[in-house]
Amino acid sequence: MGSISVMKLGDCLFVSVPEELRDSQVRDLQETVSGRLSQDAVRGVVIDVSALSIIDSFVARVLGDTAAIARSFGARGVLVGVRPAVATTLVDLGIDLSAVETALNLERALEKLHLKVISVS
Amino acid sequence: MLVTEAVGSALESMIPHSALKSVVSTLELPPHAEVGTLDVATTRRVLEQLSVGLKLYTGRAAGPQVDVLRKVVTGSQRPVPTRLELPVLGEGDVLVSVKACQRLCSGFFSATDCVRLATVVSELSRNIYMYAREGLVTLQLAEDERGVVLTISAFDRGPGLDVEAVMAKGYQSKTGLGRGLKGCRDILDSFEVTSQPGKTLITGTKRVRR
């Protein structure tokens, strides 16, 4: 069981959600994110869910809560990497992810957060 | 007659004799499997392995031969249902049942349907874990005259649920799970909930689209 990986780049935190999300890891995810948010003054939290092969209503709620935590620290949470079949299922199930912003990929997520990655050569 | 013997003699007219042994040896079969005793999932897998073998040694995609081989493997009978009983005793079992569903469905349903069905199983087994602590999830793949049907059922001895309230429009439990149950009904072809304190049974079916 891997722990939650959180990386900081500029004004942004990147959170990778592991393939299997157990209750203990949900707490871990939310504690890690809030812990890091209180230390690092960031504007955005990008949550990568590409490892998740399914998102059920429980996981959807966890993701929504995590975005709400980010908001309470003045940061915006953006979800990236929702698989096509997962997106279809979320619609079928009537699970509402509107509490969380979503973006097609990391690049778009950064655009949403008005952040830019520049290369210095 | 053993499946290997039956398949071997049927293959003699289809592929070179020298290739026969290697094709038969690739088949993943239970030991001493008799013709007509294989379950739905195993029959499917064996026929896939045979088509690969045929293609390899004849250079052409296997067409009508597969139907012939199906009759040989099943003895022209309907395969026995594949049945998986997955106890939900702890949180880890939710993931186990989801994985089992994905594995069982992958050969039969489209990739998107597999995700849908795995999500249904996740909702149901998590419901058990969260509200009843323990219960049993059963997955069954059975063949009838119209094709293959998956039946998902979840049983527990927990406090029970108010079926009408849960299925009502706009219902939302504090864990966010109530929505899920209604969503399960939308994904499946049939869905039935019977509940009283100490005895809750949820059963749903989904037919493989052809």
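To start, this report covers the structure provided alongside it. (Residues numbered from 1 in each chain as written. Chains lettered and ligands numbered in written order. Predicted model: local features only at pLDDT ≥ 70, side-chain atom pairs only at ≥ 80, totals over all residues. Heavy atoms only, no water.)

1. A closer look at the side chain of Thr43(B)
All names here are of chain B.
Part 1 of the reasoning: Checked against the element boundaries, Thr-43 lands in helix H3 (residues 40-58).
Part 2 of the reasoning: When its relative accessible area of 2% is taken as the criterion, Thr-43 is described as buried.
Part 3 of the reasoning: Here the side chain of Thr-43 touches Asp-39 through a polar contact of 2.6 Å, landing on its backbone oxygen.
Part 4 of the reasoning: Ignoring anything within four residues of it in the chain, the contact list for Thr-43 reads Leu-38, Arg-70, Val-73, Thr-74 and Pro-79. (Helix = DSSP H or I, 4+ residues; strand = E, 2+ residues; numbered from the N terminus. Buried < 20%, exposed > 50% of the residue type's maximum accessible area, 1.4 Å probe, protein only. Polar contact = N/O pair within 3.5 Å; in protein donor to acceptor, adjacent residues only side chain to side chain. Contact = heavy atoms within 4.5 Å.)

2. Describing the packing of aromatic side chains
Residues and elements named next belong to chain B.
Part 1 of the reasoning: Applying the stated criterion across every chain yields a total of zero aromatic pairs over all chains.
Part 2 of the reasoning: Stacked on the ring of Phe-108, the Lys or Arg Arg-44 has its end atom at 4.8 Å from the ring centre.
Part 3 of the reasoning: The lysine or arginine in question, Arg-133, covers the ring of Tyr-129, its NZ or CZ lying 4.8 Å from the ring centre. (Phe/Tyr/Trp six-rings, centres within 6.5 Å; stacked < 30°, edge-to-face > 60°. Lys NZ or Arg CZ within 6 Å of the ring centre and 35° of its normal.)

3. Details of the interface of chain A and chain B
Part 1 of the reasoning: Chain A puts 21 residues into the contact, and the matching count from chain B is 26 residues.
Part 2 of the reasoning: At the boundary of chain A with chain B, total buried surface from both sides reaches about 1,900 Å², with 55% on carbon and sulfur atoms.
Part 3 of the reasoning: Taken together, chain A and chain B are joined by three salt bridges.
Part 4 of the reasoning: Residues Asp56(A) and Arg126(B) are paired through a salt bridge, measuring 3.3 Å at the closest nitrogen-oxygen approach.
Part 5 of the reasoning: Looking at the side of chain A that touches chain B element by element, the count peaks at six residues for helix H3 (residues 84-93) of chain A. (Buried area = accessible area lost by both parts, 1.4 Å probe. Salt bridge = Lys/Arg side-chain N within 4 Å of Asp/Glu carboxyl O.)

4. A closer look at helix H6 (residues 111-132) of chain B
Residues and elements named next belong to chain B.
Part 1 of the reasoning: Across its 22 residues, H6 extends 31 Å between first and last C-alpha, which sits within 8% of the 32 Å expected from 1.5 Å per residue.
Part 2 of the reasoning: The buried count for H6 comes to 18 of 22 residues, which makes it a mostly enclosed element.
Part 3 of the reasoning: Phi turns positive one or two residues past the end of H6, at Arg-133, with a value near 70 degrees. (Expected span 1.5 Å × (residues − 1).)

5. What about the pattern of salt bridges?
As a working rule, side chains carrying opposite charge can pair if their charged atoms are close by.
Part 1 of the reasoning: A full pass over the atoms with the stated rule returns 19 salt bridges over all chains.
Part 2 of the reasoning: Here Asp186(B) ties to Arg185(B) by a salt bridge, and the two come within 4.0 Å at their closest N and O atoms.
Part 3 of the reasoning: The class of Arg185(B) is partly exposed, set by a relative accessible area of 36%.
Part 4 of the reasoning: Via salt bridges that share partners, Asp92(A), Asp113(B), Arg116(B) and Arg209(B) belong to a single interconnected network.

6. Points about the packing of H3(B) against helix H4 (residues 64-74) of chain B
Residue and element names in this part refer to chain B.
Part 1 of the reasoning: It is the contact of H3 with H4, at a shortest axis distance of 10 Å, that shows an interaxial angle of 140 degrees. By the angle class used here, H3 and H4 are oblique. Considering how the two elements wind past one another, H3 and H4 form a crossing that is right-handed. Residues Thr-43, Val-46, Leu-47, Leu-50, Ser-51 and Leu-54 of H3 touch H4, and the partners they reach there are Gln-65, Val-66, Leu-69, Arg-70, Val-73 and Thr-74. (Axes fitted to C-alpha atoms, helices over the stretch in contact; angles between N-to-C directions. Parallel < 35°, antiparallel > 145°, perpendicular 65-115°, else oblique. Left-handed = near helix turned anticlockwise from the far one by under 90°.)

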